[in-house]
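# Architecture at a glance
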Amino acid sequence: EILTDKNSCLEICRVLKLCTLQETRPVLFHCKSGKDRTGIITLFLLASVGCSREQIITDYTRSHHFVCSNRHYELTGQLPYRVLSKEDREVLGAKREYIIGLMDFIDEEFGGIFKYLDTIGFDTRWRRKLSEPQNVHTELINIDTQDTTI
């Protein structure tokens, strides 16, 4: 529903356009787990700067390792992953098949990521702004996601 609801589409486009503006840089966006709305925004940003499908999948699944970590529990105050039911783990996880299913849905329903982005108003003109030299930062901040102890 997030991809088809009119208000959600407007918000997705707004966030993506904010990411292109020099005066809003650097941009930090986050949530507790990085797999739903944040994962969708990340998918669109990565695709817009030329990342491959596999690179997008790999990036998305990093969230799964974080959600399964003790560090996620420490930062969010949620129950430790190891004490959650199997059903809860399925909902919280950011599994490879989730992002693949989303990309397949976008391909089937809209004809691909770029066609979807065009539809919501984040067209080629806006996508190019993400790759302009003044907007590309080579230094990335990486929060410790290596703690995958459960």
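Residues numbered from 1 in each chain as written. Predicted model: local features only at pLDDT ≥ 70, side-chain atom pairs only at ≥ 80, totals over all residues. Heavy atoms only, no water.

### Topic: the state of the cysteines
- If you walk through the whole model with that rule in mind, you get 0 disulfides.
- Left unpaired, Cys9 is separated from the closest cysteine sulfur, that of Cys13, by 9.1 Å. (Disulfide = S-S within 2.5 Å.)

### Regarding the pattern of salt bridges
- Taken as a whole and assessed by the stated rule, the structure comprises 5 salt bridges.
- Of the charged contacts in the structure, one is a salt bridge between Glu11 and Arg14, with a shortest N-O distance of 2.9 Å. Of this pair, Glu11 and Arg14 are both found in helix H1 (residues 6–18), 3 residues apart, which corresponds to roughly one turn of the helix.
- Take Glu11: its relative accessible area is 40%, and that puts it in the partly exposed class.
- Assessed through its relative accessible area of 44%, Arg14 is described here as partly exposed.
- Between Arg53 and Asp104 there is a salt bridge, with the nearest N and O atoms lying 2.6 Å from each other. With Arg53 in helix H3 (residues 53–67) and Asp104 in helix H6 (residues 96–110), the pair connects residues that are 51 residues apart, well separated along the chain.
- By relative accessible area, which is 35% here, Arg53 ends up partly exposed.
- Residue Asp104 is classed as partly exposed on the basis of its relative accessible area of 30%.
- Here the salt bridges do not stand alone but share partners, grouping Arg53, Asp104 and Asp107 into one network. (Salt bridge = Lys/Arg side-chain N within 4 Å of Asp/Glu carboxyl O. Helix = DSSP H or I, 4+ residues; strand = E, 2+ residues; numbered from the N terminus. Buried < 20%, exposed > 50% of the residue type's maximum accessible area, 1.4 Å probe, protein only.)

### A short note on the nonpolar core
- Formed by 28 residues in total, the largest nonpolar core has its most connected members in Ile12, Leu16, Leu43, Phe44 and Tyr116.
- Among the secondary structure elements, those contributing two or more residues to this core are H1, helix H2 (37–48), H3, H6, helix H7 (113–120) and helix H8 (124–131).
- Counting residues per element, this core draws most heavily on H2, at 7 residues. (Core = buried A, V, L, I, M, F, W, Y, C linked by side-chain atoms within 4.5 Å.)

### A closer look at H1
- With 13 residues, H1 ought to run about 18 Å at 1.5 Å a step, and its terminal C-alpha atoms sit 18 Å apart, in line with that.
- What H1 keeps buried is the set Cys9, Ile12, Cys13 and Leu16. Viewed along the axis of H1, the buried residues span an arc of 95°, placing them on a single side of the element.
- On its buried face, H1 sits against H2 and H7.
- Between the side-chain oxygen of the N-cap and the backbone nitrogen of Asn7 there are 3.3 Å, and the N-cap of H1 in question is Asp5. (Expected span 1.5 Å × (residues − 1). Arc of directions from axis to C-beta. Contact = heavy atoms within 4.5 Å. Polar contact = N/O pair within 3.5 Å; in protein donor to acceptor, adjacent residues only side chain to side chain.)

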